[in-house]
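# A closer look at the structure
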Amino acid sequence: MNVENNKAQMRKGILEYCILLVISGNSCYASDIIKKLKEARVIVVEGTLYPLLTRQKNSGLLSYRWEESSQGPPRKYYELTDKGREYLSELDKSWDELVESVKFIREK
Amino acid sequence: MKITVSINIGGMAFHIDEDAYAELKVYLRSLDRYFARESSSAEIMADIEARVADLLKSRLSDNKQVITIVDVREVITILGTPEDISDDSGTGHDRLASTVYRRMYRDPDNRIIAGVSSGMAAYWRIDPWIVRVIFIIISLPGGLGILIYLILWIVLPEAKTTAQKIEMKGDPVNIHNIKDSVRQEFDNVKDKMNL
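Remember, predicted model here, so these are calculated numbers, not experimental data.

Definitions and cut-offs
Every chain begins its residue count from 1, and numbering advances along the sequence as written. Numbering of ligands from 1 and lettering of chains from A proceed in the order in which they are written. In keeping with the predicted nature of the model, local features appear solely for residues at pLDDT of at least 70, side-chain atom pairs appear and are counted solely at 80 or more, and the whole-chain, interface and lining totals rest on all residues. By the criteria applied, helices consist of DSSP H or I runs no shorter than four residues and strands consist of E runs no shorter than two, each listed in order from the N terminus. The burial label depends on the number of other C-beta atoms within 10 Å of a residue's C-beta. Counts of 20 or more mean buried, 12 or fewer mean exposed, and intermediate counts mean partly exposed, with C-beta atoms placed from the backbone. Here the rule is simple: two strands pair whenever DSSP picks up at least two bridges between them. As used here, a nonpolar core is made of buried Ala, Val, Leu, Ile, Met, Phe, Trp, Tyr and Cys residues. They are joined through C-beta atoms within 7 Å. In this description, a residue-residue contact is defined by the distance between C-beta atoms placed from the backbone, which must lie within 7 Å. For this classification, the nonpolar set comprises Ala, Val, Leu, Ile, Met, Phe, Trp, Tyr, Cys and Pro, the charged set comprises Asp, Glu, Lys and Arg, and every other residue, Gly included, is treated as polar. Here, expected helix span is obtained from the residue count minus one, scaled by 1.5 Å. Per-residue confidence from the predictor is reported as pLDDT, a score between 0 and 100.

## Some words on the environment of Thr-4 of chain B
Checked against the element boundaries, Thr-4 of chain B lands in strand β1 (residues 4-9). Taking the C-beta count within 10 Å as the criterion, Thr-4 of chain B has 16 such neighbours and is therefore assigned partly exposed.

This is the structure we're talking about:
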C-alpha cells in the first residue's frame, strides 16, 4: 500500500465533483475554475483540468458558449446542463453520506 | 543577440527565442501524445494551447516583447508535464511508458555520406558501422545497396532541430535531455568557430 497512490485515488474521485461544484455557482472561464481548484488545493497543475472538462462536456453534464474577450481570442464559458445539475445533486447526496460514514467510524 | 521565431498559438502571434521554441514544441508534443487516447484529444489540445497563449501573453509588456526559455519553463510548471498531470489526476504512470517516441532520421552529426547509416543505427541503437558494413556488402554484387541508400537519402528527413535529434535517439523527450542536447549543440558551434 502506498500513501501517495491512495491520496491520488481519493483526489481523483472528488475532482470531478469539485469541478461541477465550481461551475454550478456561475458560468465560468477555464482559468476561473483553475483558480478556485488551486485555492482549494484540489489540483496542482492546470493541465489536469482540461481533459476532465472535455469528458464532462462529452457526457452532457456541461455545455459551453464562446464569449468575446477584450485581451485576445474568444473564450469558452462553461455552465451546467440540466443533466449536470441532476448529476451534481446526486453527488452532493453521496458526498454527505460518505462524510457521515467516516465521521461515524472516526468517533467510535 | 539571439534569433527569434514567430509562432501562432491559440490564434495569437508570438515572437519567441529559438531555444524556447524548441522546448515549447517538445512540451506540446508530449502533451499531445499523452492525450492521444482521449476521444477529443484535438479539443483538449486546443484548450491547452489557448491557455498557453494566455499565460505567455501575460509575460509580455512594452519592454519585453519576446518569449524566453524562462517564460516557457514557467508555463510548463503551471500547466504541468504529462507526469505531473498523471500524478495529479491519479491515473498512475502506466500510460507514460508508451510515450517514448522514435522516428528515423538522417543523423548529420555522425555522417560519412548523408547520415543514412548513422540515422538508422541511432534508431535501432546499434553501432553505425554495422549498418555501413551491411550496405557495403549488399552493394558489392549489383549495386543494390547503393540504390537503397539513395532512396533512403531521399526519403529520410535530416534531424536538424534539437527536438528531432532527441526523437531520432528515442530518448523520452523531457526537459533534461533537451537541455543536454542544446548544450551539446552549443559546444559544437563553439568548436566550429574556434571560440
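## Some points on the pairing of strand β3 (residues 72-80) of chain A
If a strand is regular, its side chains alternate between the two faces of the sheet. Residues and elements named next belong to chain A. Inspection of the sheet shows strand β1 (residues 28-29) paired to β3 by two bridges, in the antiparallel sense. By the bridge assignment for β3, Tyr-29 is matched with Tyr-77. Pairing between strand β2 (residues 62-69) and β3: seven bridges, direction antiparallel. When the sheet's bridge partners are listed, Leu-62 is paired in β3 with Leu-80. From the end of β2 to the start of β3, which pair antiparallel, there are two residues.

## Description of the nonpolar core
Of all hydrophobic cores here, the largest spans 40 residues; its most connected members are Ile-23, Ile-33, Leu-49 and Leu-53 of chain A together with Val-52 of chain B. Among the elements that take part in this core, helix α1 (residues 18-34) of chain B stands out by supplying eight residues, more than any other. In contact with Ile-23 of chain A, other than residues within four places in its own chain, are Cys-28, Ile-33, Leu-62, Tyr-78, Glu-79 and Leu-80 of chain A. Of all hydrophobic cores here, the second largest spans seven residues; its members include Tyr-105, Val-116, Met-120 and Ala-159 of chain B.

## Describing the interface of chain B and chain A
Of the residues lining the interface, 26 residues belong to chain B; the matching set on chain A comes to 19 residues. Looking at the side of chain B that touches chain A, the elements with two or more residues in it are α2 (41-57), α3 (69-79) and α4 (82-88) of chain B. If one sorts the elements of the side of chain B that touches chain A by residue count, α2 of chain B sits on top with nine residues. The residue makeup of the side of chain B that touches chain A, split by class, is ten nonpolar, seven polar and nine charged.

## A closer look at helix α4 (residues 82-107) of chain A
For α4 of chain A, which comprises 26 residues, the first-to-last C-alpha distance of 38 Å matches the rise-based estimate of 38 Å (1.5 Å per residue) to within 8%. Burial of α4 of chain A is sparse: only one of the 26 residues sit out of reach of the surface.

## Remarks on the confidence of the model for chain B
Residue and element names in this part refer to chain B. The pLDDT averaged across chain B works out to 83; a share of 80% of its residues lies at or above 70. Across chain B, the secondary-structure element scoring lowest on mean pLDDT is helix α9 (residues 175-193), at 63, and the one scoring highest is α3, at 93. The low-confidence segment residues 93-99 (pLDDT under 50) makes ten contacts with residues lying over four places distant or belonging to another chain. Predicted complex metrics record ipTM = 0.84 and pTM = 0.65.

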